[in-house]
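What the coordinates show
The primary structure of each chain is shown beneath.
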Amino acid sequence: MQMARSIFTIFITLTAIAAYAQKKATINGTVKDAATGESLIGASITLQELSAVGTATNNYGFYSLAVTEGEYTLLFTCVGYKTVTQKVSLHKNEVINISLSPKNSLQEVVVRSTRFSNDNVVSPQMGVEKLNMTQINQVPVLLGERDILKTITLMPGIKSAGEGNTGFYVRGGGSDQNLILLDGAPIYNASHLLGFFSTFNSDAIKDVSIYKGGMPAEYGGRLSSVLDVKMNDGNDKDFTVQGGIGLIASRIKVEGPIVKDKGSFMVSARRTYIDLFLKAIPDSSINGSSIYFYDINAKANYQFDDKNAIYISGYLGKDVLGLKNVFGTNWGNSAGTIRFTHLFGSRLFSNTSLIYSNYNYMVESFQNNDGFKATSKITDANLKEDLQYSIANNHIIKFGFNILHHDIAPGDITTTQKSAYNNKHVEQRYGYETAAYLSDEWKAGDHLTILYGVRLSGMFLLGPGTFKTFNSDGAATSSITYGSGTVVRRYFNPEPRFSASYTINDDNSLKASYSRNTQNIHLLSNSTSSTPVDLYVMSSKNIKPEIADQVSTGYFKKFDDNNYEFSAEVYYKWLQNQIDYKDGAQLLVNQDVESQLTYGTGRAYGIELFLKKKYGRFTGWIGYTLSRTERRFDAINNGAYYPARQDRTHDGSVVGIYQLSKRWTFSGTFIYGTGNAVTYPTGKYNVGGLTTFSYSKRNNYRMPSSNRLDIGATLEGKEHKRYHSSWTFSVYNVYAHRDPYSISFRDSKTDPNMTEAVETSIFATLIPSVTWDFKF
Amino acid sequence: MKTPLFYLMLLPLMLVISACDKVIDVQLVNDSDKLVIEGNITNVSGTQTIKLNTNVAFTNTNTYPPVTGAQVKVNDQYGNVYTFQESSPGIYTIPTMAGISGGVYKLHVTIKGKTYDAGSTMPAQVALDNVRAFKDNFSTDDNKRKITVYYHDPKGVVNQYNFLLYVNGVQVKRVFANNDDFTDGNKVTFDLAQDDISIYAGDKVTVEMQSVDKTIYTYWFTLMQQGYKGPIGGVTPSNPPNNITPETLGYFSAHTTQIKTITVN
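The structure displayed is predicted, hence computed values, not measured ones. (Residues numbered from 1 in each chain as written. Chains lettered and ligands numbered in written order. Predicted model: local features only at pLDDT ≥ 70, side-chain atom pairs only at ≥ 80, totals over all residues. Heavy atoms only, no water.)

**Side note on the sheet that holds strand β50 (residues 755–761) of chain A**
Which entries qualify depends on this criterion: Note on pairing: DSSP must find at least two bridges between two strands before they are called paired. Only DSSP runs of H or I reaching four residues or more are called helices, and only runs of E reaching two or more are called strands; each is numbered from the N terminus. Where helices are involved, their axes are fitted lines through C-alpha atoms of the stretch in contact, as for all axes, and angles between N-to-C directions lie from 0 to 180°.
Read from one edge to the other, the open sheet built from 3 strands follows the order β49(A)-β50(A)-β1(B), with strand pairing classed as antiparallel. Where the open sheet ends on each side, the last strands, each with one partner, are β49 (740–747) of chain A together with β1 (21–24) of chain B. Sheet twist, expressed as the average angle between the axes of neighbouring strands with direction ignored, equals 35°. Of the strand pairs in this sheet, β49 of chain A and β50 of chain A are connected by 7 bridges, and their pairing is antiparallel. By the bridge assignment for β50 of chain A, P740 of chain A is matched with S761 of chain A.

Set out below in structure tokens:
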């Protein structure tokens, strides 16, 4: 509370200063794509005459710039678009809306060394990666399915959880420590088909940013990262249909204006047809099986006037897996958001969001006496208010609040009369996660920008229900029943956020940041891979909020006329209240699941190097991370630090995209990483007639290192007036490297009197694919 | 939802993927010569056996050096002391003894002055009603069979079970542990699903059903969880928690046992 009070005092003082400032006028407006009407996020607005003045468009394409009255030339720039200049004679507040035309990268590029106020060197924001959708679409992929979750793992500091797994680890954190937002709605399980593909259809996506460190105060709720995915608004000028037919899945997108230049809609859908191949197989147990997924993204927006707009987004996805007459399982996310944006005056931008998100799964068994149906779900309802206020042009104040309600049904089993199983119901759990934040981005002079703020996060666990406390042996030490709406436990955590950048000159800067993050919703899963049956619990009488403190510092540079960008970031993270599981933990449909947990701490540190070439025929990047992440639990490894499973010492990727001609583009990615930490046996013995392995230290070994090369090529179709098509070819794992998925130990098949180690791989061959894309 | 059954459902995927298996060489540190105690007390009158040996390095053959010259004693809550004699190196036996349900048995082992203690309570016997073979739905081979056991779980009592499966005299290298968390009071059918030995018509299949106490169930269940490989399942391996103090490999189990043999049709 002390921190909040002092920040509030600063805020009042600044407002007072602003009131006495020289006569200023405000220029505001939105920047859009000239061809589709999509609002552009992160477009830069600078003044030719005042090099120190500039701003960037926010998530809705809105910008606001306060300048002393006078004559100016405004420059509007955005990566991938032609710069637009606009003269303005500023004597009162002006509204200037601009459309930028996409730039053909083969055209003569004259890049000015303008100081884009949003670029990597100048902005105080560090620990963030923004993905360019064009590049995502050019990077070669598995089976022709573009996947933003796979592409972000090509960035330093972000590690893939392995093949067949869309989980990812950011700066040593667990895979549940990432908040994945689709237009503001949390997506709990971002994977299809058990992790081979993600739930994001890149046709429907406009912008992807991931914050790894120095998280701005408007984001919170998870320790390691926020992956903010924004859907396309829809073309507000023309009606278009676009899509693609691939080897295992096809997509189609329809978009168009609701009212030309004022409102638009977009609907994008995707489905696999692997199951159609299965139907062709004569074996009755296979052709009666089902395995498919589909997802639908839809969005509509309407701009009432320059000051008011409404956006509605929705997502629905489902995975189905089943074996005829034996079992069936399905799981899926659904999410929806309604947002109202309103501009108060010319400088206070408000965004009010109502968000709904649901994740559920179901497993059903049809075997005669074993019939049962198990279900689980988590439903979130969220009200968010975000405000952005520009004062005197060197302060951007952001403040707001967030109230999120969780409704978790941890597990239910319903059975038939004759079934061997009993009905079982694990009590539903309810709670509120609340937050209020305030931050200021302050341009404190020509060289220094400081972003400081605080996020006050709260957690309220509510009844009805019976809540037990467990000791470290797993025995219940108390059991109390609460009525509906009673607060069972509350937690309050202030999270200070601070980052600063010091520009040495136009091309070089140093940055530093400190942030604290807390997490009140935890994924319980003792499996080493992500499964759809993972269980979510809130902080409780037994589980304390997880806390992470991260400091980072870095050096940022651009050169060759802003064609190249280089950064080196070093971070150190302290983790508290981390969760692990007792041996033999039974997590599924267990009312007393909290008795199966142990708690400890962790630390993670590393250095990330990144070099990117942005313009020209050849573009791409190289990323490299050297890092370590460790955990310490009293009950494990005798309380000594041990490497976390996701600790991978070296992790690097090289991505290259080469535009050979107007029609041909080639791309390639190469990844290399040393292995995850694993526990291997250090001896063996025999119990119960079976060879059993003995272990000493946890995670004392490393998997073999992995490496892989993927290549791709896109052939753009000939120019047609009303219609465009392209062919994309890709080869995944070009030199058929056997990336080890897991290593297990067993009695030798050839000599049962000896034991052997066995390496299992998923994709040990090269996998080619072809996709045909079209657009009307 | 029963964890083993869930993993069973994803067995087809696991099988498809484990087709890409390769035997490799791994350099492992050697932490051997650790004591292993394997003690079993059953309710069937006859020789009861407690084995003492040590673990060996991964690269050794699967023969475990016996620990000789130890004093091995078991006592129950009635004050009876059963002294085990070393009948062959590392194997300590007592010729005619039977445990009884409800008996609280304490094992006391002394080796060169160091003592090890363990305790186990023998639960009530739950009858193995039937063992049957069915077509294995998860196999594309129509001739393959799976084994299903039938028993009636007593209502209101916490029960834990451990099963051993033998095909033509060879033990199937899998652990089958089960409790009544989801099946209390019901007529239970439990599939002994495994991919170790293929079973066909004409095979002689023997099933041993044990009623075990909670600590021993956790021991076998942990080993079973660690045995799942592939994309689904697989927990971080560790030495399973047992009832022996000070911390030692192995277990001491007082359990009821019942055996049924069938010929697969």
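**Structural notes on the nonpolar core**
Condition: The nonpolar core is taken to be a set of buried Ala, Val, Leu, Ile, Met, Phe, Trp, Tyr and Cys residues, with the residues joined through side-chain atoms within 4.5 Å. The buried label goes to any residue with under 20% of its type's maximum accessible area, the exposed label to any with over 50%, and the partly exposed label to all in between, with areas taken from a 1.4 Å probe on protein chains only. Every residue pair with non-hydrogen atoms within 4.5 Å of one another is taken to be in contact.
With 65 residues, the main nonpolar core has I147, V149, Y151, F163, L192, V205 and V207 of chain B as its most contacted residues. Looking at this core, the element that brings in the most residues is strand β11 (residues 160–167) of chain B, giving 4 residues. Sequence-distant contacts of Y151 of chain B, defined by excluding residues within four places in its chain, comprise V126, A127, D129, Y161, F163, N178, N186, K187, V188, F190 and M209 of chain B. Core analysis: the next-biggest nonpolar cluster, separate from the first, contains 33 residues, I136, L149, I158 and F610 of chain A among them.

**Topic: the sheet that holds strand β17 (residues 225–231) of chain A**
All names here are of chain A. Within the open sheet, the 5 strands sit side by side as β9-β16-β17-β12-β13. Their pairing is mixed. Strands with a single pairing partner mark the edges of an open sheet, and in this sheet they are β9 (128–131) and β13 (185–186). Note: strand β16 (residues 205–211) against β17, 6 bridges, orientation antiparallel. Note that in β17 the partner of D207 across the bridge is K230.

**Here we look at the side chain of T629 of chain A**
All names here are of chain A. The criterion, for reference: Distance and chemistry together define a polar contact, namely a pair of N or O atoms within 3.5 Å, with one atom able to donate a hydrogen and the other to accept it when in protein, and with adjacent residues in sequence counting only for side-chain atoms on both sides.
Relative to the assigned elements, T629 resides in strand β39 (residues 618–633). Only 3.0 Å separates the side chain of T629 from the side chain of R631, close enough to count as a polar contact. Discounting residues that sit within four places of it in the chain, T629 has contacts with G172, R603, A604, Y642, P643, A644, Q646 and D647.

**Topic: helix α3 (residues 214–226) of chain B**
Residues and elements named next belong to chain B. In plain terms, the rule: Take the residue count of a helix, subtract one, and multiply by 1.5 Å to get its expected span.
The end-to-end C-alpha distance of α3, which contains 13 residues, comes to 18 Å, matching closely the 18 Å that a straight helix rising 1.5 Å per residue would cover. Where α3 is concerned, the buried positions are I216, Y217, Y219, W220, F221, T222, L223, M224, Q225 and Q226. Between the side-chain oxygen at the start of α3 and the backbone nitrogen of T215 there is a gap of 3.3 Å, and the oxygen is on D213.

**Description of unusual backbone geometry**
Residue P464 of chain A is reached from G463 of chain A by a cis peptide bond, and omega for that bond is 15°. With respect to the secondary-structure elements, P464 of chain A resides in the loop between β29 (448–462) and β30 (465–470). Backbone torsion omega between T245 of chain B and P246 of chain B reads -10°, so that peptide bond is classified as cis. Looking at the secondary structure, you find P246 of chain B in the loop between β16 (244–245) and β17 (249–263). Even without being a glycine, R171 of chain A presents a positive backbone phi close to 45°. Mapped onto the fold, R171 of chain A is located in the loop between β11 (168–170) and β12 (178–182). Positive phi values are uncommon outside glycine, yet D33 of chain B reaches one of about 60°. Locating D33 of chain B in the fold gives a position in the loop between β1 and β2 (35–42).

**Some remarks on the interface of chain A and chain B**
As a reminder, the rule being used: Summed over both partners, buried area is the accessible surface (1.4 Å probe) that two parts give up on being assembled. Any Lys or Arg side-chain nitrogen located within 4 Å of an Asp or Glu carboxyl oxygen qualifies as a salt bridge.
Counting residues at the interface gives 73 residues for chain A, matched by 76 residues for chain B. Overall, the association of chain A and chain B removes approximately 6500 Å² of surface from exposure, summing both partners, and the carbon and sulfur fraction of that is 59%. Across the pair D747 of chain A and K173 of chain B runs a salt bridge, and its minimum N-O distance is 3.4 Å. Our count for the contact surface shared by chain A and chain B stands at 25 residue pairs in polar contact (both at pLDDT 80 or more).

**Considerations on the pattern of salt bridges**
Residue and element names in this part refer to chain A. With the rule as written, the count across this model stands at 43 salt bridges over all chains. E255 serves as the salt-bridge partner of K253, at 3.7 Å between the closest nitrogen and oxygen. Owing to a relative accessible area of 5%, K253 belongs among the buried residues under this scheme. The class of E255 is buried, set by a relative accessible area of 4%. Taken together, the salt bridges that share partners define one network made up of E38, D183, K206, D233, K299 and R339.

**Some thoughts on the environment of K721 of chain A**
Residue and element names in this part refer to chain A. Considering the arrangement of structural elements, one finds K721 in the loop between β47 (706–716) and β48 (724–732). The exposure class assigned to K721 is exposed, which follows from its relative accessible area of 87%. Distance from K721 to F776, taken between C-alpha atoms, is 9.2 Å for residues 55 residues apart in sequence.

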